[in-house]
Amino acid sequence: MVAKGKKLTKSEEQMMDIFWSGGKPLTSVDIVNMKVRDTWGNGLVHNIIRSLLKKELLEECGIERYKTQYARKLRPAMTKEEYIAKMMFHRADGKESRYKVMLALAKEEEDTDEMIRDLKEIIQELREDVVVEQK
């Protein structure tokens, strides 16, 4: 689990966005070669990755050979939505506050009827998950 309520730095958030939008595992070499930011040299990329591994936002999923060296392949340990939900969960003051946050999010949706249908599907999935866990 992400360190309780641990916010990402701007560089960490930018790095996670690369992983979240990439759709495939990446190595530090891949990220340096992308030249996302001119200031992101090899050392800084490794520092950011180390921090994200410590926060359990990235996980290792293999290795890749580059000439005579190997680099770890990394992928997100959770989706962006799961991360946002965990951050909101840790910021809210108890169950009532979390429910109010969920309600506020639902009210942001323009198509209320569609939102209600989607919420009913989510509730049904949650019920099915509970039944499976109880077996």
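Here, every reference points to the structure presented above.
Keep in mind the model is a prediction, meaning the values are calculated, not measured. (Residues numbered from 1 in each chain as written. Predicted model: local features only at pLDDT ≥ 70, side-chain atom pairs only at ≥ 80, totals over all residues. Heavy atoms only, no water.)

Asker: Tell me about helix α1 (residues 10–22), and please be specific about residues and values.
Answerer: Taking 1.5 Å as the rise per residue, α1 with 13 residues should run 18 Å; its terminal C-alpha atoms sit 18 Å apart, in good agreement. Here α1 has its buried residues at Glu12, Met15, Met16, Ile18, Phe19 and Trp20. Buried residues along α1 sit in contact with α2 (28–34), α3 (42–54), β1 (58–66), β2 (69–76) and α4 (80–91). Following α1 by one or two positions, Gly23 has its phi on the positive side, about 80 degrees. (Helix = DSSP H or I, 4+ residues; strand = E, 2+ residues; numbered from the N terminus. Expected span 1.5 Å × (residues − 1). Buried < 20%, exposed > 50% of the residue type's maximum accessible area, 1.4 Å probe, protein only. Contact = heavy atoms within 4.5 Å.)

Asker: Describe in detail the pairing of β1, supporting the description with residues and values.
Answerer: The pairing of β1 with β2 spans 7 bridges and is classified as antiparallel. Bridge pairing in β2 links Glu59 to Arg75. (Pairing = 2+ DSSP bridges.)

Asker: Break down α3 for me, citing the residues and quoting the values.
Answerer: Quick reminder: α-helices carry 3.6 residues per turn. Residues three or four places apart thus point the same way. Helix length check: α3 (13 residues) gives 18 Å between terminal C-alpha atoms against 18 Å at 1.5 Å per residue, within 8%. Of all the residues in α3, the buried ones are Val45, Ile48, Ile49 and Leu52. Taken end-on, α3 shows its buried residues confined to a sector of 100 degrees, consistent with a single buried face. Set apart from the buried face of α3 by more than 90 degrees, the exposed residues are Arg50 and Lys54. For α3, the elements touching its buried residues are α1, α2, β1 and β2. Immediately downstream of α3, the backbone of Glu56 shows phi near 60 degrees, a positive value. (Arc of directions from axis to C-beta.)

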